[in-house]
Amino acid sequence: MIALFALLFAMATPEAAAIRGMVRAQGSLEPIAGATVRIPDLRRYALTDERGYFVLADVPAGRWRVVATALGYREHEVTVVLEDGVVRLDFELPIQPVPIEGVTVEEESRRVSPSVPRSPGPPAFRVDVPALEVLPGLAEPDVLRAVQILPSVAAASDFSSALYVRGGSPDQTLIRLDGVPLFNPYHMGGVFSAIPFDAVSSVDVVPGALPAGNGDRLSAQVDIHTRDGGRDRVRASGTVGLISAHATASTPLPGGDGALLVAARRTYLDAATGAAHALDLIPTEVPYGFSDVYLKATQDVGELGSLSLSGYLNSEAFWFGRDVEKSSNMRTDLGWGSRLLALNYRQPIGGALLLRGRLGYSDFHGDFDATELRWDGPIICTPNGCSGPGEPTDTALLFRGKTRTRDVMLGVDIAWFGRRHTVALGAQLDAYRFEHALELGDVSDDLVRDVDEASRVRTAAVYVEDEWQATDALDLRAGLRFLDAGVLGSSWLPRLGARLHVTPRLSLSLGGGRYAQALRSMRDEESALASLIAYDITTVQPATVGLARGEDVVAGIEWESESLSLRVDAFAKRTRGIVVGPETASPLDAPALVTDSFRVGTARMRGLELLGRYRRGRADFTLSYALGSTRLRVGGEEYTPRYERQHLLTAAAALPLGETGTFGAQLSLGSGQPYSPVVGITSPFRYNPVTGQWESSGVEVVLGERNSARLPGYLRLDVAVRKQMEKRWFGRSTTVTPYVQVLNVLNTRNVLLAEPQPYAFGGPKLQYWPQLPFFPTFGVQWSF
Amino acid sequence: MELLIASRTRAAAACAMLVAALGGCELMREPTPLDAVPELIAVHAILVAGQETASVLVTRANPHDPALTWADPVPDASVRLIRGEQSIELVPGGDCEQRFGVPGEADLSAGCYTGAVPGGIVVGARYELEATLPGGGTITGATTVPEPPTLVAPAPGAEIEMRVLPELEPAPFVATWRADPPNRRMEVGLLADRQECVAMLREDSYGSSTHYLDVTGAASATLRTGLVECGEGVPARLDARLVLAIYDANYSEYARVALEDVYAVPGNKAGVGLRGAAGVFGSAALASVPVVLVRR
């Protein structure tokens, strides 16, 4: 590895000229990721990375036109005269003007839509987060919900933001924020994500055929790239919504070569309901609160280098007020959240090398205590609350739990840009530590059992990868990653990719690789709670199982014109060493956490995905369809996991509504999720060894083959209407955008799961648990 | 174009709102009845080592049963117990009423088939069951009778404190035993020698009394007597037996899968030791020791 680094440093000075620089947004000077910088006469191009940096290496001497384009920005063209050496060329792209009726914008017709980075092999999806702001979301725009529009990604339910990518469970997808793994970025059990929307610039989703530089999960990697903040002036924006408010502010650092960005959000659900309860308007307060804060400081270092320090904190708490304490005889103190600290450094060296380093800390932590309160004397409850004889005289433990997931990581990558080759190599060290404990007192529940788990693992990964432009029409990628996870074993992980440019608009891609994973979630995907709660309780793979491993192959077709882009992917994937829970018939009997009692299985997934996007003026249509199949094999049993939807179609539209309004809609249609059908009713008897008699034990339903039937299909339509207005507040021009949105506007009765009720009045019934009903929300966004 | 799109958008939005209003705010889909689901035939039988009779209960699930037994008897079946060359026809009646007639519950004796087993149920022997239902259909099963456990403590005639009032706390006693294999379902209980008396047990860590306790996987248990009742009053000394039962693999699995507090059982586990029916065809071996319950 050291020798390879030395070799690349020796190659830092190219023989011919190189053009390198940054592509930024005009005005704010924020970097633009995924912009294309082309030399049309040479048929050469480069893509900017997440920092807006690009390199066109080994360019022959001469006079060349260089064109920069980016989605949502006007194209910019310059002419450069090259002799030799390294030329720096920065672009500042103006934001695309908003078309107004009767006004023709000539530049629009020249726009290229680089929504899909043109890497060799099946490309990543890049989710342009700000562009999705117009789509309806629960309470406010949501980063992970936006990702779920992609055909590769599915949700377990309306209540979970967890990402199920190409049939893999959420623990098989690595979510990174600023290059550092992020654990459980959720609020309200996963109803929405805890990532500040305004702080995010884009999200890259690699759902398969991962390059060698991508992390060690079996299914996918999601990289959340954050904004730097404006470098020209103080900017601020925010939203006041139904249950929370958030604000984002940025300011240039002294000297103008850096920026500071702060984003914060807090719910006022607890405060509002507390005040209403104090005024006797509602019978009780909602004893739940959440908040999240993100802070990032970016400073230019050297020529084109940068150093950024970012921190993230999200916290949630649940408690009982004193009235509830007395009426329930229970005192709770539940708090949990995640934290992240990332230090990123990058420095181009010469005209052909780029060095990147990152140091990170990330954790998820929670403490859960509940005690039963005992009073001497009566407690009197009225509709206005309960009053007791004072402080409780005694307490008894109901449950006490804690969870700790921690990762300290260090990574370094270096890339060498040649005329036809881009060689990258790097290394990453992760030190994971997990502690999970749950002590049950006077509560007994088969779904939750005592837990006492403490484990740690250190992983080391190194990789090398070459992206080779073999011909003008063929790009190839070959990489090799090596993962070592101590006692869990090690694995060589080859990664391959190819892209054939059939025409300038049409390309074919093929890729695949091997993957390994040292971590697992203790969450049992077959448990009913997995449909409701997104949090992963992460731990190490059992030593007896070792690394979970997998392979995939992905083939794709992409076609794009100026206004329409289409992409079709077909994939096949298999994984093994998958830890699943003990055998239970019903999700309602499955323990929430898979601890010492587990089974080990394999999985096979395959599918076909379609993503189309059509843009014309301010109208933007996205159509996403996925046909998928996932089969788990555990012991002698083979079944489809409960979260799978065989067909999933999502259509999203953003349409102009007058000159300053927008109408957004999102329609989701899916086949029903699997469940185990009831095939019979029986009456079990219990033997009494003392009397020799049988005793009735009620009736039980008998379930057929696991998950062999399907719940009713899924249909949901969300709509949103926004109206943008310009105001002058405090001497500043301020944009104010009130919005109204309705989730599940058709009030479709989507089914979460089926609960057999053998004792129901009138005979046994299959009760459907509902998903999100008709749910209107409103709020106002502002920015200056 | 934009004007057209905007106009269509407004129409679509209006339609969507109208549909939503008509839809109301119904939160829950109507429960789906399970009328079409068959109510399964169930067979329950435990052969007890050393006993000279065998009984088999054949029922059909009845989730609407007002008597809360949740089952109807299935009469007129043909039931045979087979051990090697030996075949025993079990006939309706016999001591089924005593075995299955739980006070307050429906009388299932019409579905109970009993027969004498010459020489008694033999430890280590394999017994097969064949039942032909009146409407057709055959049920088969097999069980191998387990070795009885050995009760090491308490010693025969040991005095054990009993409580007759809930607030009194009797002294604990330790029961120890040996069993092979040790992972089979095991239960321990108290049987008063006087028919009108009921003696219950409770484990040290539990507060409630029960007729018998699940002690699977343990080699000993610290026990206390639970409530003891004799109708007219509990005597100062009451002869009783501490009974320890070990079950075969069938009943052990049945207890694990079907008798836990579960919503449902998987189809392949609904009948254990049986083909063609739900329930269980199992066997048990008992050990017991005489003790004296003493009021303090």
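Residues numbered from 1 in each chain as written. Chains lettered and ligands numbered in written order. Predicted model: local features only at pLDDT ≥ 70, side-chain atom pairs only at ≥ 80, totals over all residues. Heavy atoms only, no water.

**Overview of the overall build of chain B**
A tally of regular secondary structure across chain B gives three helices and 21 strands. At a minimum sequence separation of 6, the contacts of chain B that also span at least 24 residues come to 71%. (Helix = DSSP H or I, 4+ residues; strand = E, 2+ residues; numbered from the N terminus. Contact = heavy atoms within 4.5 Å.)

**Details of the side chain of Arg520 of chain A**
All names here are of chain A. Mapped onto the secondary structure, Arg520 falls in strand β33 (residues 519-521). In this structure Arg520 is buried but unpaired, with Glu453 as the nearest side chain of opposite charge at 4.9 Å. If we skip the residues at most four places from it in the chain, Arg520 touches Asp171, Ile537, Thr538, Thr539, Val540, Gln541, Pro542, Val579, Val594 and Thr595. (Buried < 20%, exposed > 50% of the residue type's maximum accessible area, 1.4 Å probe, protein only. Lys, Arg positive; Asp, Glu negative; His and termini not counted. Salt bridge = Lys/Arg side-chain N within 4 Å of Asp/Glu carboxyl O.)

**Some thoughts on helix α3 (residues 269-278) of chain A**
All buried positions along α3 of chain A are accounted for by Leu269, Asp270, Thr273, Ala276 and His277 of chain A. Down the axis of α3 of chain A, the buried side of the element spans an arc of 135°, and every buried residue falls inside it. (Arc of directions from axis to C-beta.)

**Topic: the pattern of salt bridges**
Residue and element names in this part refer to chain A. One pass over the full model with this rule turns up 51 salt bridges over all chains. One salt bridge in this structure joins Arg266 and Asp270, with 3.3 Å as the shortest N-O distance. Overlapping salt bridges bring together Asp49, Glu50, Arg346 and Arg356 as one network.

**Some points on the confidence of the model for chain A**
Considering every residue of chain A, the mean pLDDT works out to 86; 90% of them sit at 70 or more. In this model, residues 98-117 of chain A is a region of pLDDT below 50 whose contacts with residues beyond four sequence positions or in other chains number 42 contacts. (pLDDT = per-residue confidence, 0-100.)

**Let's talk about the packing of aromatic side chains**
Residue and element names in this part refer to chain A. Tallying each qualifying case throughout the model produces 18 aromatic pairs over all chains. Where Phe54 meets Phe91, the ring centres are 6.2 Å apart and the plane angle is 45°; that geometry is what we call tilted. Of the two residues, Phe54 is situated in strand β4 (residues 53-59) and Phe91 in strand β8 (residues 91-93); the sequence distance between them amounts to 37 residues. On the accessibility criterion, Phe91 (1% relative accessible area) is buried. (Phe/Tyr/Trp six-rings, centres within 6.5 Å; stacked < 30°, edge-to-face > 60°.)

**What to know about the pairing of strand β16 (residues 200-206) of chain A**
Residues and elements named next belong to chain A. Most of β16 is tucked away: six of the seven residues are buried. The pairing of strand β9 (residues 125-127) with β16 spans three bridges and is antiparallel. Its bridge partner being in β16, Val127 is matched across the sheet by Val203. Where β16 meets strand β17 (residues 220-226), six bridges bridge the pair, whose relative direction is antiparallel. Bridged to Ser202 within β17 is His225. (Pairing = 2+ DSSP bridges.)

**Concerning the state of the cysteines**
Residues and elements named next belong to chain B. For the coordinates displayed, the defined rule picks out one disulfide over all chains. Here Cys197 connects covalently by a disulfide to Cys230, the sulfurs 1.9 Å from one another. With the S-S bond torsion at 115°, the cross-link from Cys197 to Cys230 turns out right-handed. On the criterion of sequence distance, the pair formed by Cys197 in the loop between β13 (186-192) and β14 (198-203) and Cys230 in the loop between β16 (220-229) and β17 (237-247) is long-range, its members being 33 residues apart. Assigned by exposure class, Cys197 and Cys230 land together as buried. (Disulfide = S-S within 2.5 Å.)

**Observations regarding the nonpolar core**
Residues Val147, Leu150, Leu163, Val203, Val205 and Ile224 of chain A are the most contacted members of the largest nonpolar core, which totals 70 residues. Setting aside its immediate chain neighbours within four residues, Leu150 of chain A contacts Phe125, Val127, Val205, Leu611 and Ser624 of chain A. The next biggest cluster of nonpolar side chains, apart from the first, holds 29 residues, and it includes Phe173, Leu238, Leu242 and Ile246 of chain B. (Core = buried A, V, L, I, M, F, W, Y, C linked by side-chain atoms within 4.5 Å.)

**Observations concerning the sheet that holds strand β51 (residues 751-757) of chain A**
If you walk across this open sheet you meet the three strands as β51(A)-β52(A)-β1(B), and the pairing is antiparallel. The strands lining the two open edges of the sheet, one partner per strand, are β51 of chain A together with β1 (32-33) of chain B. With two bridges joining them, strand β52 (residues 765-770) of chain A and β1 of chain B adopt antiparallel strand pairing. Residue pairing in the sheet places Leu766 of chain A in a bridge with Thr32 of chain B of β1 of chain B.

**Examining a nonpolar patch on the surface**
Residue and element names in this part refer to chain A. A cluster of nonpolar side chains, contributed by Leu307, Leu309, Leu341, Leu343, Tyr345, Leu359, Leu410 and Leu429, occupies part of the molecular surface with about 680 Å² of accessible area. Those elements that provide at least two residues to the nonpolar patch are β22 (305-319) and β23 (330-349). With three residues, the single largest contributor to the nonpolar patch is β23. If you trace the backbone, Tyr345 turns up in strand β23. Judged by its relative accessible area of 33%, Tyr345 is partly exposed. (Patch = residues over 30% accessible without salt bridge, like charges linked within 9 Å, V, L, I, M, F, W, Y side chains within 5 Å. Areas by Shrake-Rupley, 256 points an atom, 1.4 Å probe, with all protein chains shown as cover.)

**As for the sheet that holds β9 of chain A**
Taken together, the five strands give an open sheet; going across it, the order is β9-β16-β17-β12-β13 (chain A), and neighbouring strands pair in mixed fashion. In this open sheet, the two strands that pair with only one neighbour each are β9 and β13 (180-181) of chain A.

**What to know about the side chain of Ser531 of chain A**
All names here are of chain A. Its place among the elements puts Ser531 in the loop between β33 and β34 (538-540). Here the side chain of Ser531 touches Arg642 through a polar contact of 2.7 Å, side chain to side chain. Not counting the four nearest positions on each side in its chain, Ser531 is found in contact with Ser157, Phe159, Ser160, Arg642 and Leu752. (Polar contact = N/O pair within 3.5 Å; in protein donor to acceptor, adjacent residues only side chain to side chain.)

**Some remarks on a positive patch on the surface**
Taken together, Arg406, Arg433, Arg456 and Arg458 of chain A make up a surface patch of like positive charges. Mapped onto the elements, Arg458 of chain A comes out in strand β29 (residues 451-469). (Charge placed at Lys NZ, Arg CZ, Asp CG, Glu CD.)

**Digging into unusual backbone geometry**
Backbone torsion omega between Ala153 of chain B and Pro154 of chain B reads 5°, so that peptide bond is classified as cis. The step from Asp180 of chain B to Pro181 of chain B runs through a cis peptide bond, and the omega angle for that step is 0°. A positive phi angle, near 55°, is found at Asp58 of chain A, a position not held by glycine. Along the chain, the position of Asp58 of chain A falls in strand β4. For Asp58 of chain A, a relative accessible area of 27% translates into the label partly exposed. Look at Arg166 of chain A: it is not a glycine, yet its phi comes out positive at around 45°. One can find Arg166 of chain A in the loop between β11 (164-165) and β12 (173-177). On the basis of relative accessible area, Arg166 of chain A is assigned to the buried category, the value being 5%.

**Quick look at the environment of Gly577 of chain A**
When you line up the elements, Gly577 of chain A lands in strand β36 (residues 564-580). Each C-alpha atom, one on Gly577 of chain A and one on Gln517 of chain A, is 9.4 Å from the other, the two residues being 60 residues apart in sequence.

**Let's talk about the environment of Val265 of chain B**
Looking at the secondary structure, you find Val265 of chain B in strand β18 (residues 264-266). According to the relative accessible area criterion, Val265 of chain B is buried, its value standing at 1%. Apart from the residues lying within four places of it in its own chain, the contact partners of Val265 of chain B are Ala585, Glu700, Val701, Val702 and Leu703 of chain A together with Val257, Ala258 and Ala270 of chain B.

**Let's talk about the environment of Glu644 of chain A**
Residues and elements named next belong to chain A. Structurally, Glu644 can be placed in the loop between β39 (637-639) and β40 (647-657). For Glu644, a relative accessible area of 6% puts it in the buried group. Glu644 has contacts with Gly628, Ser629, Thr630, Gly672, Gln673, Pro674 and Arg710, leaving out every residue within four places of it along the chain. Reaching out from Glu644, the side chain makes a polar contact with the side chain of Arg710 at a distance of 2.5 Å.

**Regarding the pairing of β17 of chain A**
Residue and element names in this part refer to chain A. The element β17 is largely enclosed, with a buried count of seven among its seven residues. Side chains Ala220, Val222, Ile224 and Thr226 project from β17 onto one buried face, and the interleaved Gln221, Asp223 and His225 project onto a second face that is buried too. Examined bridge by bridge, β12 and β17 share five bridges and lie parallel to one another. Looking at the pairing, Arg176 lines up with Asp223 of β17.

**Quick notes on the confidence of the model for chain B**
Residues and elements named next belong to chain B. For chain B, per-residue confidence averages 82 on the pLDDT scale, and 79% of positions sit at 70 or higher. Between residues 1-6, whose pLDDT stays under 50, and residues either more than four places distant or in other chains, the model counts 13 contacts. In this model residues 15-28 is a low-confidence stretch, pLDDT under 50, and it forms 18 contacts with partners more than four residues away in sequence or in other chains.

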